[in-house]
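This is what each chain is made of:
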Amino acid sequence: MRLATAFMPTRKEDPVEAEVVSHKLLTRGGYIRMVTRGIYNFLPLGWRSVRKIEQIVREEMDRAGAQEVLMPGVQPAELWRESGRWDKYGPELLRFQDRKGSDFCLGPTHEEVITDMVRGELTSYKQLPVNLYQIQAKFRDEPRPRFGLMRGREFIMKDAYSFDVDEESALKSYDIMFEAYNKICERLGFKFRAVEADTGNIGGSRSHEFQVLADTGEDEIVSCPECGYTANVELASIKVEGHGRPAGVHLETIQPVDTPDVRTIEEVSEFLGKPADQFVKTLLYVVNEETIAVLVRGDHEANEIKLRAFLRDERGIEIEELRMASDVEVKEATSAPVGFAGPVNLHVPVYADLAVQEMANFVVGANAADKHFVNTNHGEDFDVTTWADLRQARGGDKCGRCGGTFQAYRGIEVGHVFYLGTKYSESMNANFQDENGQQKPLVMGCYGIGITRMLAAIIEQNHDENGIIWPMAVTPYHVTILPLQYKNDAVMAEGERLYKELSDAGLEVMLDDRNMGAGGKFKDADLVGIPVRVAIGGRSLEEGVVELKLRDGGEVEKVPVGEIVDKVIGIVQSRLG
RNA sequence: CGGGGUGUGGCGCAGCCUGGCAGCGCGCCUGUUUUGGGUACAGGAGGUCGGAGGUUCGAAUCCUCUCACCCCGACCA
């Protein structure tokens, strides 16, 4: 590609709305442009890298025995009504009507369509297992798109769906996908972790996320160096040492204190001069119309996913609705404004996190405006209905599996694998006949990879202050040639020669034939991030050499013009593996 | 959805408070200059000031409504 006529609009300045480095560099480097919030154009360079990522994913999916299909972006409401998700999915599902007034949506995921596609076709156990995938644009009307390609509303995803005869076989399919995802992340050069995860509203029971480690990631994960247990903080189980208060601690008498107009833990903590870990937070939730209280230590975070699992598994509650109580409901339950809720004389079920069990003489809200209690003790001043692990894990917590100490990381979720079971096949009547002639629902799994999110994640892990540093596997071009003096015919001719010979050898080559100064060419080359750079200057050319430099480091190397072609080919081939 | 903010040539911004010629830097075009990390000078093109309504002799500026976008909190590939 010749830059003189290429559509590669680079910029000197960061886009004002960009927060993270991948968004800044993709925009400045001429890879993407925003069309409207959460929706992007992929310019020629950006699209080349997207297609390379797609191709790697495609190769690994095919190798794992999956078959590629393409489903529509526009989906009829009937299928969603059949699965029950038309009412459950919420405003993230973009809905609209056709000219006849029939309901449609833009596909945020494709369980319904794929189940519809195979039902009536996969009718015998002899046809199974089958795994189908597609690479296609999804649309989710995210409440808050941000960070460029990391959380768009329209994004490219690879989604795969497996169909098996029973759970055992389905878990084999799951493991095959799990391995394929590891392979894909390795080929893309990611530093990543496969972590145990929540299943969200896709449904199902077993699930792993593939998290690329990056400080800008939106997810928090913890990992135990002792036993290798790694999980999203939403899910990670925490071991609590011992039980109850430390022996010999003297229990003080509960006392009310005035706390005028201080509500949050930080405010009260500062006001009373006590650290947050001597507070107990009282959070009110509404479960199916009933108000409940959840207690966690002041410096801990309650975890709605654990709470949900606890209510379902330990309390046997069929959860229709679980949400934080509204201001009005808080007032009803505590007869105080928001910010002063506490467990003393609170007439709702009280579920407390295990960490609270070890606390004594702590501070709680007094269920009255501008008042808190100090020296509060569970068992003395209030009763806890049930103790449970209800908080989010964090670095330094004890591993729930082995008692080791968790390390915390931030991650970008680029992939997610689910064991679905028969959730969709049952609701949508996708059955097959087993070897005994019995009708059985297909057992399913589903597997997603955010292709365009991966593009952003690669840059988050591969950049410096000057720009992108592409891994050879996904760079839009392998090598860039910079003839530095555009009025020097010998320099330009040498550029043309290298461009032709390297292209003829099968490499993807960029030639900066623009009529501009050397400085601008160097700046753009660093920004755009092509891994191999060959600079041709008038003086060094007279000495019979050109200058080779790799984007990921090292010094400029002078290479005789007769050797440069073979040398570059060697570098590119060795890096492509 | 809740809270905070911004909309002015392609990009980044000033002007608004206190109404009176629509400006600056970058980029772009022409010429000269420079020729190894965004050279310098001169000339030039390009804007319904997000939109609608109102106040006024006069509105980018004041008022009302509206739309869009950004940032901080609950979701997900």
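Residues numbered from 1 in each chain as written. Chains lettered and ligands numbered in written order. Predicted model: local features only at pLDDT ≥ 70, side-chain atom pairs only at ≥ 80, totals over all residues.

Undergrad: Would you mind going over the protein's contact with RNA strand B with me for this structure?
TA: Taken together, 54 residues lie near RNA strand B, and G450, G519, G520, F522 and G537 sit nearest. The set of elements that each furnish at least two residues to the surface near RNA strand B consists of strand 8 (154–164), strand 23 (407–421), strand 26 (443–450), helix 12 (451–461), helix 14 (518–528) and helix 15 (538–542). Top element by residues in the surface near RNA strand B is helix 14. It accounts for 8 residues. (Near = placed C-beta within 6 Å. Helix = DSSP H or I, 4+ residues; strand = E, 2+ residues; numbered from the N terminus.)

Undergrad: Would you take a moment to explain the nonpolar core for this structure?
TA: General note: in soluble globular proteins, nonpolar side chains tend to be found buried as a group. The biggest cluster of nonpolar side chains holds 97 residues, and the ones touching the most others in it are A160, I451, M454, A457, V479, I481 and V534. A domain-level breakdown of this core finds at least three residues from each of domain 1 (3–237 + 409–459) and domain 3 (477–576). With residues near it in sequence (within four places) discarded, V479 still touches L502, L507, V509, I530, V532, V534, V568 and V572. Within the second largest apolar cluster, 30 residues are counted, among which are L284, A293, L311 and V330. (Core = buried A, V, L, I, M, F, W, Y, C linked by C-beta atoms within 7 Å. Buried ≥ 20, exposed ≤ 12 C-beta atoms within 10 Å, placed from the backbone. Domains from an automatic or database assignment. Contact = placed C-beta atoms within 7 Å.)

Undergrad: Sorry if this is basic, but what is going on with unusual backbone geometry here?
TA: Following L128, the chain continues to P129 via a peptide bond in cis, the omega torsion being 0°. If you trace the backbone, P129 turns up in the loop between helix 5 (111–118) and strand 7 (130–139). Located in the positive-phi region is D370, a residue other than glycine, with phi close to 60°. Counting through the fold element by element, D370 comes out in the loop between strand 19 (362–365) and strand 20 (371–376). Positioned with a positive phi, N429 is a non-glycine residue whose angle comes to about 60°. Tracing the chain through its elements places N429 in the loop between helix 11 (423–427) and strand 24 (431–433).

Undergrad: Looking at this structure, I do not really get the sheet that holds strand 14 (residues 255–258). What am I missing?
TA: What links the strands of a sheet is backbone hydrogen bonding, and the strands pair in either a parallel or an antiparallel sense. Strand order in the open sheet made by the 3 strands is 14-20-19, with antiparallel pairing throughout. Where the open sheet ends on each side, the last strands, each with one partner, are strand 14 and strand 19. Along the sheet, successive strands turn relative to each other by an average axial angle of 35°, direction set aside. Where strand 14 meets strand 20, 4 bridges bridge the pair, whose relative direction is antiparallel. Bridging across to strand 20, P256 finds its partner in F373. (Pairing = 2+ DSSP bridges. Axes fitted to C-alpha atoms, helices over the stretch in contact; angles between N-to-C directions.)

Undergrad: How should I be thinking about the pairing of strand 1 (residues 32–36) in this particular structure?
TA: Side-chain positions along a regular strand alternate between the two faces of the sheet. In this sheet, strand 2 (residues 39–42) lies alongside strand 1 in antiparallel orientation, the contact comprising 4 bridges. In the strand pairing of strand 2, I32 is matched with F42. The turn linking strand 1 back onto strand 2 is made up of 2 residues, and G38 within it adopts a positive phi angle of 75°.

Undergrad: What exactly am I supposed to notice about the domain arrangement of chain A here?
TA: It is common to report an interface's size as the accessible area lost on association of the parts. Splitting chain A by domain gives domain 1 (3–237 + 409–459), domain 2 (255–388) and domain 3 (477–576). Taking the mean C-alpha position of each, domain 1 and domain 3 sit 38 Å from one another. Between domain 1 and domain 3, the residue contacts involve 6 residues of the former and 9 residues of the latter. Looking at the side of domain 1 that touches domain 3 residue by residue, the classes come out as 3 nonpolar, 2 polar and 1 charged. (Nonpolar A, V, L, I, M, F, W, Y, C, P; charged D, E, K, R; others polar.)

Undergrad: Would you mind showing me how to read the environment of I530 here?
TA: Locating I530 in the fold gives a position in the loop between helix 14 and strand 31 (532–536). Sequence-distant contacts of I530, that is, excluding residues within four places in its chain, are made with W470, T475, Y477, V479, T480, M510, A525 and R551.

Undergrad: Please explain helix 2 (residues 44–63) as it appears in this structure.
TA: Three- or four-residue spacings in an α-helix give side chains the same orientation, since the helix completes a turn every 3.6 residues. The end-to-end C-alpha distance of helix 2, which contains 20 residues, comes to 29 Å, matching closely the 28 Å that a straight helix rising 1.5 Å per residue would cover. Those residues of helix 2 not exposed but buried are L45, G46, S49, V50, K52, I53, V57, E60 and M61. (Expected span 1.5 Å × (residues − 1).)

Undergrad: Can you walk me through the sheet that holds strand 29 (residues 479–483) in this structure?
TA: Within the open sheet, the 5 strands sit side by side as 30-29-31-32-33. Their pairing is mixed. Edge positions in the sheet fall to strand 30 (509–511) and strand 33 (553–560), since each has one partner strand and no second. Mean inter-strand twist for the sheet, computed between neighbouring axes without regard to direction, equals 20°. Where strand 29 meets strand 31, 5 bridges bridge the pair, whose relative direction is parallel.

Undergrad: Please explain the packing of helix 2 against helix 12 as it appears in this structure.
TA: Each pair of packed helices can be summarised by the angle the axes make with each other and by the distance between the axes. Running from amino to carboxyl end, helix 2 crosses helix 12 at an angle of 110°, the nearest separation of the two axes being 9 Å. Relative to helix 12, the element helix 2 is oriented roughly perpendicular. The way helix 2 lies across helix 12 gives a crossing that is right-handed. Contacts between helix 2 and helix 12 involve S49, V50, I53, E54 and V57 from the former and I451, T452, M454 and L455 from the latter. For the contact of helix 2 with helix 12, the per-class residue count stands at 6 nonpolar, 2 polar and 1 charged. (Parallel < 35°, antiparallel > 145°, perpendicular 65-115°, else oblique. Left-handed = near helix turned anticlockwise from the far one by under 90°.)

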